[in-house]
Amino acid sequence: MRSWPRPDIPALPGHGSAPRLHDDASGRFLDSAAGVEPGETATLYVCGITPYDATHIGHAATYLAFDTLVRTWLDAGLDVLYTQNVTDVDDPLLERATATGVDWRELAASQVELFRTDMEALRVTPPDSYVGVTETIDSIAAAVAALRARGMAYAVPTPDALDPATSDWYFDIAAAEQSTPWVLGSESGLDQSTMGRLFAERGGDPEREGKRDPLDPLLWRAERAGEPAWDSVVGRGRPGWHIECSVIARETLGDTICVQGGGGDLVFPHHEFSAAHATALTGERFARVNAHGGLVAFDGEKMSKSLGNLVLVSQLRAAGSEPDAIRLAILAHPYRDDWEWQRGDELLAAERLAGWRASAARPASDELSAGLDDDDALALLERVRTRLHDDLDTPGALEQFDAWFSTPHSPASTALAARILDALLGIRL
Ligand code: 5CA
Ligand code: ZN
């Protein structure tokens with residue numbers, strides 16, 4: 001589907017280097033673009049929205065974290081190939097559509113449009129491929145059939161399926177562990193009891209009768225009365241959640257990618273199994289780095305559609321907040337931290353930005369006007385690059401601007417500082 005317009009990203013002198021990122025699979029910091037040289041292509045898959053209640057500050061924080069990664073890759077002279085999905089058919093979306101009496105397709109389309117508008121306003125670099133699950137049904141069904149052919153998918157009796165000849169399909173963890181390099185926990189780095197708890201909390205169905213292992217995830221759901229469904233090689237129905245991202249990523253980016261990303265709520269089961277499904281079909285490791293942002297809370301709980309404790313980017317914008325200030329409020333937090341949005345955060349960020357702007361607009365002395373401190377802005381660039389190289393330390397990078405704008409500079413240096421802020425952090429003076 002259509003994504004959104006690309007923001008202008010000013011060119012900077014020289015090049016930075018691809019940052020090291022925390023990898024949840026190994027618990028170590030890894031080169032985010034290992035083996036990718038300048039002029040070659042780094043690949044990124046970030047899990048997109050399930051389109052309702054978009055775009056809240058938690059969503060925005062996740063996409064801004066990976067936007068920062070894209071910007072640092074571009075600054076390192078790399079080409080970037082980036083894919084994001086839209087989970088435009090799934091249980092929570094269908095439930096919301098039913099509860100509000102709206103057609104699920106209309107709900108999805110209107111929320112994707114709102115999301116695009118917010119992303120454009122925040123000047124987030126768009127994915128090269130923006131792909132809805134409903135656009136990928138045939139390939140997903142083919143992947144389920146391929147898993148079945150390899151003995152890693154099995155049917156579970158589904159008495160409530162509309163067509164008695166069809167059934168739900170599940171991924172066989174034990175079979176995959178025997179015949180592929182993947183084992184349960186190797187992507188998330190979590191222990192068995194944590195995985196068991198999270199599976200039940202995050203959309204899994206450990207109690208489903210007929211499964212070989214309570215944690216085996218759903219690959220394909222047979223059609224039920226009143227639910228959307230498509231004819232396919234594995235019967236009429238619709239895709240499970242993890243296989244969708246696995247297939248969309250491989251179709252657009254290849255079998256092994258540099259970084260798989262999303263919010264911290266996706267570490268398990270979603271990214272564990274989307275990687276497992278990919279490895280089961282290719283025999284290769286799916287992503288070299290598994291990177292996740294922290295979760296944003298509001299009023300004491302994770303900001304989530306199910307709880308309804310949401311602060312929407314569009315609400316803040318409608319109330320007069322500038323997108324640059326919203327960006328600054330979010331990027332002031334380390335991307336891996338869990339943090340809580342406080343009412344008025346956008347106003348504090350707007351004050352900070354206003355301080356920088358006032359400093360940039362102040363007339364420089366004659367000596368400075370002659371351009372004698374240009375080296376200073378190059379040193380600022382070096383410091384900002386160093387901070388971002390260190391696991392995307394955006395708060396550390398922003399502090400460099402606090403210090404820099406606290407003293408006067410020549411117009412040329414100020415112009416370069418503004419370009420650095422714009423190119424690497426997406427904030428305009
Ligand atoms: N469609 C799936 C991924 S395939 C999904 O999780 N959709 S979502 O709309 O719930 O979330 C979209 C993205 O925002 C995901 O990467 C998710 O991890 C992230 N996210 C959701 N809630 C928060 C939050 N409170 N804080 C930070 N990130 C969040
Ligand atoms: Zn996903």
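Up top is the structure these notes are about.
Each value, and the rule that gives it
Residues numbered from 1 in each chain as written. Chains lettered and ligands numbered in written order. Predicted model: local features only at pLDDT ≥ 70, side-chain atom pairs only at ≥ 80, totals over all residues. Heavy atoms only, no water. Helix = DSSP H or I, 4+ residues; strand = E, 2+ residues; numbered from the N terminus. Rg over C-alpha atoms; globule rule 2.2 N^0.38 Å. Contact = heavy atoms within 4.5 Å. Areas by Shrake-Rupley, 256 points an atom, 1.4 Å probe, with all protein chains shown as cover. Lys, Arg positive; Asp, Glu negative; His and termini not counted. Charge placed at Lys NZ, Arg CZ, Asp CG, Glu CD. Near = heavy atom within 4 Å. Polar contact = N/O pair within 3.5 Å; in protein donor to acceptor, adjacent residues only side chain to side chain. Nonpolar A, V, L, I, M, F, W, Y, C, P; charged D, E, K, R; others polar. Expected span 1.5 Å × (residues − 1). Buried < 20%, exposed > 50% of the residue type's maximum accessible area, 1.4 Å probe, protein only. Salt bridge = Lys/Arg side-chain N within 4 Å of Asp/Glu carboxyl O. Pairing = 2+ DSSP bridges. Axes fitted to C-alpha atoms, helices over the stretch in contact; angles between N-to-C directions.

## Digging into the overall build of the protein chain
Logical step 1: Across its full length, the protein chain holds 15 helices and 14 strands.
Logical step 2: Computed over the C-alpha atoms, the radius of gyration of the protein chain is 23 Å, within 12% of the 22 Å expected from 2.2 N^0.38 for a compact globule of 429 residues.
Logical step 3: For the protein chain, the spread of C-alpha atoms along the principal axes amounts to about 85 × 45 × 35 Å.
Logical step 4: For the protein chain, contacts bridging at least 24 residues in sequence account for 78% of all contacts bridging at least 6.
Logical step 5: Accessible area for the protein chain stands at about 17000 Å²; split by element, carbon and sulfur atoms hold 50% of it.
Logical step 6: Computed over 37 positive and 67 negative side-chain charges, the inter-centroid distance for the protein chain is 1 Å.

## Quick notes on the site of ligand 1
Logical step 1: Neighbouring ligand 1 are 24 residues; Gly48, Thr50, Thr87, Asp265 and Lys305 lie closest to it.
Logical step 2: One nitrogen or oxygen atom from the main chain of Gly48 is found 2.8 Å from a nitrogen atom belonging to ligand 1.
Logical step 3: In the environment of ligand 1, an oxygen atom lies 2.5 Å from a nitrogen or oxygen atom belonging to the side chain of Asp265.
Logical step 4: Breaking the shell around ligand 1 down by element, the ones donating at least two residues are helix H1 (57-75), helix H7 (241-253) and strand E10 (257-263).
Logical step 5: If one sorts the elements of the shell around ligand 1 by residue count, H1 sits on top with four residues.
Logical step 6: In the shell around ligand 1, the residues fall into nine nonpolar, 12 polar and three charged.

## With respect to H1
Logical step 1: For H1, with 19 residues, the first-to-last C-alpha span of 26 Å sits near the 27 Å given by 1.5 Å per residue.
Logical step 2: Across the 19 residues of H1, 18 count as buried, placing the element largely inside the fold.
Logical step 3: Backbone geometry just after H1 places Gly77 at a positive phi near 85°.

## Considerations on the environment of Phe273
Logical step 1: Tracing the backbone shows Phe273 in helix H8 (residues 267-282).
Logical step 2: Overall, the relative accessible area of 0% leaves Phe273 in the buried class.
Logical step 3: In the structure, Phe273 is positioned 76 residues away from Arg197 in sequence and 15 Å away in space, judged by C-alpha atoms.
Logical step 4: Excluding its chain neighbours within four sequence positions, the residues that come into contact with Phe273 are Phe171, Ile173, Trp182, Leu184, Phe199, Leu215, Pro217, His242 and Phe268.

## A look at the pattern of salt bridges
Logical step 1: One pass over the full model with this rule turns up 32 salt bridges.
Logical step 2: Of the charged contacts in the structure, one is a salt bridge between Glu113 and Arg2, with a shortest N-O distance of 3.0 Å. Here the residue Glu113 occupies a position in helix H3 (residues 104-121), and Arg2 occupies one in the segment before strand E1 (20-23), the gap between them amounting to 111 residues.
Logical step 3: Look at Glu113 and you get partly exposed, because its relative accessible area is 35%.
Logical step 4: Overall, Arg2 belongs to the exposed group, its relative accessible area being 53%.
Logical step 5: We note a salt bridge from Lys211 to Asp205, for which the minimum N-O separation is 2.8 Å.
Logical step 6: Residue class for Lys211 comes out buried when judged on its relative accessible area of 12%.

## Quick notes on the sheet that holds strand E9 (residues 237-239)
Logical step 1: If you trace the four strands from one edge of the open sheet to the other, you get E6-E7-E8-E9, paired in antiparallel fashion. In this open sheet, the two edge strands, each paired with only one partner strand, are strand E6 (153-156) and E9. In this sheet, adjacent strand axes meet at a mean angle of 20° when their direction is disregarded.
Logical step 2: Of the strand pairs in this sheet, strand E7 (residues 168-171) and strand E8 (residues 218-222) are connected by two bridges, and their pairing is antiparallel. By the bridge assignment, Trp169 is partnered in E8 with Trp220.

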